[in-house]
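So the chains spell out like this:
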There are 2 protein chains.
Amino acid sequence: MDDGRTPPHPDIAQIPLQLVLEALVDPVRRRIVAELAASDVDIRCGGFGITVSKSTATHHFKVLREAGLIRQYYVGTARMNALRTDDVESAFPGLLDLVAKG
Amino acid sequence: MDDGRTPPHPDIAQIPLQLVLEALVDPVRRRIVAELAASDVDIRCGGFGITVSKSTATHHFKVLREAGLIRQYYVGTARMNALRTDDVESAFPGLLDLVAKG
DNA sequence: TCCTTAGTACGACCACCATCGAACTTCGAT
DNA sequence: ATCGAAGTTCGATGGTGGTCGTACTAAGGA
């Protein structure tokens, strides 16, 4: 399970609303979530329409992951991002729709 | 309508999600919203279980009002606060429930 | 008329967070 | 074996927002 590169992912049921709102209040992070929500496939870190530096992007993905909103895994050097749609919807119903619709 | 003391209240349909999230990311403001959601009656500014100074409280109410979440009106010297439940629910379905449940 | 109560307005301060660049790691391809 | 592409880590910086105290205004009661 733990290949030493896959970061830990929290249990959504135990994430306080505070953490989720802090994650989603940033427009860059909300854009990431919206793009994932609109996509059929997972997206690598470099594949989003965001205009920040790579180090800043890394920071945003970490915040989203620790808030339980995305899952991350490696494919080669690419770090893939998946929206935890069902998890989030069960813990915070309606929230993803709000973000997706903008 | 305008008695010179009643502040302007924005049309909810035109409020960006950004503004609402900025309002709700603060735990003090979320507490205010939660208390209003749990109450049958409107509550004056001094009637909440928050532990900040009066000037800080004024600031929080202003943010909530400008985000379209509450309506404010005067009764004597007391400034009453009412949750705009239906407005918010129609513009951001599910959001108030998340805050109310905490 | 005072005095108290309720809240606002204004500055100042402080902590936090988004941001960046530079240096580094890891993987894949040449 | 090298090189480039993809991210990470670290430290520094700058702006913004939550906080407070003080001074102020408005309303109601003694």
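Residues numbered from 1 in each chain as written. Chains lettered and ligands numbered in written order. Predicted model: local features only at pLDDT ≥ 70, side-chain atom pairs only at ≥ 80, totals over all residues. Heavy atoms only, no water.

Re the overall build of chain A
Phase 1 of the analysis: A count of helical and extended segments in chain A gives 5 helices and 3 strands.
Phase 2 of the analysis: Sequence-ordered secondary structure for chain A, helices as α and strands as β, is α-α-β-α-β-β-α-α.
Phase 3 of the analysis: Relative to the compact-globule value of 13 Å for 102 residues, chain A shows a C-alpha radius of gyration of 13 Å, a close match.
Phase 4 of the analysis: Along the longest, intermediate and shortest principal axes, the C-alpha atoms of chain A span 35 × 30 × 25 Å.
Phase 5 of the analysis: For chain A, the residues scored as buried account for 40% of the 102 residues in total.
Phase 6 of the analysis: In chain A, which carries 12 positive and 13 negative side-chain charges, the distance between the mean positions of the two groups comes to 8 Å. (Helix = DSSP H or I, 4+ residues; strand = E, 2+ residues; numbered from the N terminus. Rg over C-alpha atoms; globule rule 2.2 N^0.38 Å. Buried < 20%, exposed > 50% of the residue type's maximum accessible area, 1.4 Å probe, protein only. Lys, Arg positive; Asp, Glu negative; His and termini not counted. Charge placed at Lys NZ, Arg CZ, Asp CG, Glu CD.)

So, the nonpolar core
Phase 1 of the analysis: Grouped together as the largest cluster of nonpolar side chains are 54 residues, with contacts concentrated most on Leu 24 and Leu 69 of chain A together with Leu 24 and Leu 69 of chain B.
Phase 2 of the analysis: Of all elements in the fold, only helix H1 (17-24), helix H2 (27-37), helix H3 (54-66) and helix H5 (95-101) of chain A together with helix H1 (17-24), helix H2 (27-37), helix H3 (54-66) and helix H5 (95-101) of chain B reach the threshold of two or more residues within this core.
Phase 3 of the analysis: Among residues more than four places away in sequence, those in contact with Leu 24 of chain A are Arg 30, Val 33, Leu 69, Leu 95 and Val 99 of chain A together with Leu 21 of chain B. (Core = buried A, V, L, I, M, F, W, Y, C linked by side-chain atoms within 4.5 Å. Contact = heavy atoms within 4.5 Å.)

Topic: H3 of chain B
All names here are of chain B.
Phase 1 of the analysis: Across its 13 residues, H3 extends 18 Å between first and last C-alpha, which sits within 8% of the 18 Å expected from 1.5 Å per residue.
Phase 2 of the analysis: Where H3 is buried, its residues touch H1, H2, strand S2 (70-75) and strand S3 (78-83).
Phase 3 of the analysis: Phi turns positive, to about 80 degrees, at Gly 68, one or two residues after H3. (Expected span 1.5 Å × (residues − 1).)

Structural notes on the environment of Glu 22 of chain A
Phase 1 of the analysis: Tracing the backbone through its elements, the reader meets Glu 22 of chain A in helix H1.
Phase 2 of the analysis: Using a relative accessible area of 36% as the deciding quantity, one classes Glu 22 of chain A as partly exposed.
Phase 3 of the analysis: Between the C-alpha atom of Glu 22 of chain A and that of Val 63 of chain A, which follows or precedes it by 41 residues, the distance is 8.7 Å.
Phase 4 of the analysis: Excluding anything up to four places from it in sequence, Glu 22 of chain A contacts Arg 29 of chain A together with Val 25 of chain B.

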